[in-house]
Amino acid sequence: MRARVDGDLKALGTWKREETALVAVLISLLIVILKIRSWRDLAGCWHAWDALIWLGGFVSIAESLKTTRFTEWFSGRIEAQLAGFGPLESTAILALVYFASMYLFSQLTAHIAALAGAFFAVAANVGSPPYIAVALIAYFSCLCGAMTPWSTGPVIIYFHHGYVPVGRWMRNGACLAAMHLTVWFTVGMAWWKWLGWW
């Protein structure tokens, strides 16, 4: 049985990666056709539909930014601004810009898809310590999730319940971001120094 399921998943693998929104819609239709849930029940889950539409749109925007070479231009401008700094300072500035740019992209998957690769290339070009650059960009890619009420799929669904207003979420996100930055640039850097990463 497990071999059959694995084979079915592998057969859908390429298609699933290419058209995840289409797969979600088809599975929703299958749920209604098989009478697992009614259409009224599914239509009533507007939070889930809202998340699907927004997240798909943000990822499409990130792909468009790469296609139009905006990401290349943006990373080139940052690299030019880092010309007078040493490798460690450049890495810190690059990580801060990457972290703050989450507010421009608002959704983690789109942010990572649009900028992570370009920032890794800039880090290599300015001579950043490789372990530090990878660690900061990778960790900051995840830590940005608490900054905005639309940053990840689960956060969007939690936010739509209306327990926390947008302004309060953004203030709490900014406080949490400041805390993350303080910890990673003090304790984190000291730990990485002890490990010999820089």
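Anything mentioned here points back to the structure above.
Residues numbered from 1 in each chain as written. Predicted model: local features only at pLDDT ≥ 70, side-chain atom pairs only at ≥ 80, totals over all residues. Heavy atoms only, no water.

Draft legend 1. Looking closely at the packing of aromatic side chains. Counted according to the given criterion, the structure contains 12 aromatic pairs. Considering the side-chain rings of F99 and F140, the 4.9 Å spacing of their centres and the 65 degrees angle between planes classify their relative orientation as edge-to-face. Residue F99 is located in helix α6 (residues 87-100), and its partner F140 is located in helix α9 (residues 130-143); the two are separated by 41 residues in the primary sequence. Summarising the burial analysis for this pair, F99 and F140 share the class buried. Each ring, one from Y139 and one from W192, has its centre 6.0 Å from the other, and the planes form 20 degrees; the classification is stacked. Here W192 lies in helix α11 (residues 166-195) and Y139 lies in helix α9, a separation of 53 residues in the sequence. What makes Y139 partly exposed here is its relative accessible area of 34%. For W192, a relative accessible area of 3% gives the class buried. Each member of the aromatic cluster is reached from another via a ring pair, and the members are F70, W73, F74, Y98 and F119. One Lys or Arg, K193, reaches over the ring of W198 and ends 4.6 Å from the middle of that ring. (Phe/Tyr/Trp six-rings, centres within 6.5 Å; stacked < 30°, edge-to-face > 60°. Helix = DSSP H or I, 4+ residues; strand = E, 2+ residues; numbered from the N terminus. Buried < 20%, exposed > 50% of the residue type's maximum accessible area, 1.4 Å probe, protein only. Lys NZ or Arg CZ within 6 Å of the ring centre and 35° of its normal.)

Draft legend 2. Main features of the side chain of S90. Structurally, S90 is set in helix α6. For S90, a relative accessible area of 0% corresponds to the buried category. Discounting residues that sit within four places of it in the chain, S90 has contacts with L82, F85 and V126. (Contact = heavy atoms within 4.5 Å.)

Draft legend 3. Structural detail: a nonpolar patch on the surface. A surface patch of nonpolar side chains, amounting to about 730 Å² of accessible area, comprises L22, V25, L26, L29, L30, I33, L34 and I36. One can find V25 in helix α2 (residues 20-33). (Patch = residues over 30% accessible without salt bridge, like charges linked within 9 Å, V, L, I, M, F, W, Y side chains within 5 Å. Areas by Shrake-Rupley, 256 points an atom, 1.4 Å probe, with all protein chains shown as cover. Salt bridge = Lys/Arg side-chain N within 4 Å of Asp/Glu carboxyl O.)

Draft legend 4. Quick look at the environment of T152. Here T152 is to be found in the loop between α9 and α10 (153-159). Considered as a pair, T152 and L108 are 44 residues apart in the sequence and their alpha carbons are 6.1 Å apart. The residues contacting T152, other than those within four sequence positions of it, are L108 and G145.

Draft legend 5. Up close: the pattern of salt bridges. Under the criterion given, the structure shown has two salt bridges. We note a salt bridge from R69 to E72, for which the minimum N-O separation is 2.8 Å.

Draft legend 6. Just the packing of helix α5 (residues 70-81) against helix α8 (residues 108-125), in detail. As a packed pair, α5 and α8 sit with axes 10 Å apart at the nearest point and diverge in direction by 35 degrees. Between α5 and α8 the crossing geometry is right-handed. Contacts between α5 and α8 involve T71, F74, S75, I78 and E79 from the first element and A114, L115, A118, F119, V122 and N125 from the second. (Axes fitted to C-alpha atoms, helices over the stretch in contact; angles between N-to-C directions. Left-handed = near helix turned anticlockwise from the far one by under 90°.)

Draft legend 7. Looking closely at the nonpolar core. Formed by 33 residues in total, the largest nonpolar core has its most connected members in L94, Y98, F99, L115, F119 and F140. Secondary structure elements with two or more residues in this core: α4 (46-67), α5, α6, α7 (102-105), α8, α9 and α11. Here the element with the most residues in this core is α8; it accounts for eight residues. Every residue in contact with L115, bar those within four places of it in the chain, is listed here: T71, F74, Y98, S101 and F105. (Core = buried A, V, L, I, M, F, W, Y, C linked by side-chain atoms within 4.5 Å.)

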